[in-house]
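Structure at a glance
Letter by letter, the chains look like this.
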Amino acid sequence: MSLGFRVSGRIGKPVAEVFDAVINPRKLSGYFTTIGGASAPLKTGTSVVWWGTVPVEVDEVVRDSRIVLRWDATDADGKPAYKTRIEMNFEQLDDGGTFVTIAESGWQEGAVGLKKSYLNCEGWSQMLACMKAYVEYGINLRDGYYRSEMKGEPANETNV
């Protein structure tokens, strides 16, 4: 069995606008990958870089519906050991908003996998909150959110 989690929330904008805020590197860099940015749009079969150093493999993009990504999970020494899977689903709501669900799975069982999954759960929860503020109000909540980012460094497990 592998470890995983799911987070979700409502964003008060149409699904096309919310979806674009994730696949569009300029927009994603405005609220999530703020230091180092996002290197390119998310397109099926491509690889992009987030925060200037984090490789992200794009397995699937279904317009206004679903994004599936993979990225490195690290071992206890911080070295890439295997990949986890991120699935983002976008559901248009009757009220004009969008319900976003982000699930990440694939951590190996044990203390290291559990700790790292909790850190990523925190990160995706924070990403949803920041996306809501950015898409609905044009506000970047991530600016100065983590101690590392106050020093101009992307957040990671050793400096949040």
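Residues numbered from 1 in each chain as written. Predicted model: local features only at pLDDT ≥ 70, side-chain atom pairs only at ≥ 80, totals over all residues. Heavy atoms only, no water.

Under the annotation held in an unreviewed UniProt entry, the protein chain carries the name ATPase and is attributed to Mesorhizobium jarvisii. UniProt, in its Sequence similarities (unreviewed entry) section for the protein chain, records the words "Belongs to the AHA1 family." (UniProt positions renumbered as here; feature names shortened; annotations may be inferred.)

A word on the overall build of the protein chain
From N to C terminus, the protein chain includes four helices and six strands. Computed over the C-alpha atoms, the radius of gyration of the protein chain is 15 Å, within 12% of the 15 Å expected from 2.2 N^0.38 for a compact globule of 160 residues. Each principal axis of the C-alpha distribution contributes one length, and for the protein chain these read about 45 × 35 × 25 Å. Taken across its 160 residues, the protein chain has 42% of its residues classed as buried. The long-range fraction of contacts in the protein chain, counting pairs at least 24 apart against all pairs at least 6 apart in sequence, stands at 47%. When the accessible surface of the protein chain is split by element, carbon and sulfur atoms take 52% of a total near 8100 Å². Of the charged side chains in the protein chain, 18 are positive and 21 negative; the average position of the first set lies 2 Å away from that of the second. (Helix = DSSP H or I, 4+ residues; strand = E, 2+ residues; numbered from the N terminus. Rg over C-alpha atoms; globule rule 2.2 N^0.38 Å. Buried < 20%, exposed > 50% of the residue type's maximum accessible area, 1.4 Å probe, protein only. Contact = heavy atoms within 4.5 Å. Areas by Shrake-Rupley, 256 points an atom, 1.4 Å probe, with all protein chains shown as cover. Lys, Arg positive; Asp, Glu negative; His and termini not counted. Charge placed at Lys NZ, Arg CZ, Asp CG, Glu CD.)

Some details on unusual backbone geometry
Even without glycine at this site, Trp51 takes up a positive phi of about 60 degrees. Inspection of the secondary structure assignment puts Trp51 in the loop between β2 (47-50) and β3 (54-62). Taking relative accessible area as the criterion, Trp51 reaches 11% and is therefore assigned buried. A positive phi angle is found at Asp64, which is not glycine, with a value near 60 degrees. Judged by relative accessible area, Asp64 falls into the partly exposed class, the value being 25%.

Here's the deal with the pattern of salt bridges
Between side chains of opposite charge, a pair can form as their charged atoms come close. As enumerated under the stated definition, the model contains ten salt bridges in all. Note that Glu87 and Arg66 form a salt bridge whose closest N and O atoms lie 2.6 Å from each other. You can see Glu87 sitting in strand β5 (residues 80-92) and its partner Arg66 sitting in strand β4 (residues 66-74), a full 21 residues away along the chain. Among the salt bridges present, the one from Glu87 reaches Arg85, with a minimum N-O distance of 2.8 Å. Judged by its relative accessible area of 19%, Glu87 is buried. On the basis of relative accessible area, Arg85 is assigned to the partly exposed category, the value being 33%. (Salt bridge = Lys/Arg side-chain N within 4 Å of Asp/Glu carboxyl O.)

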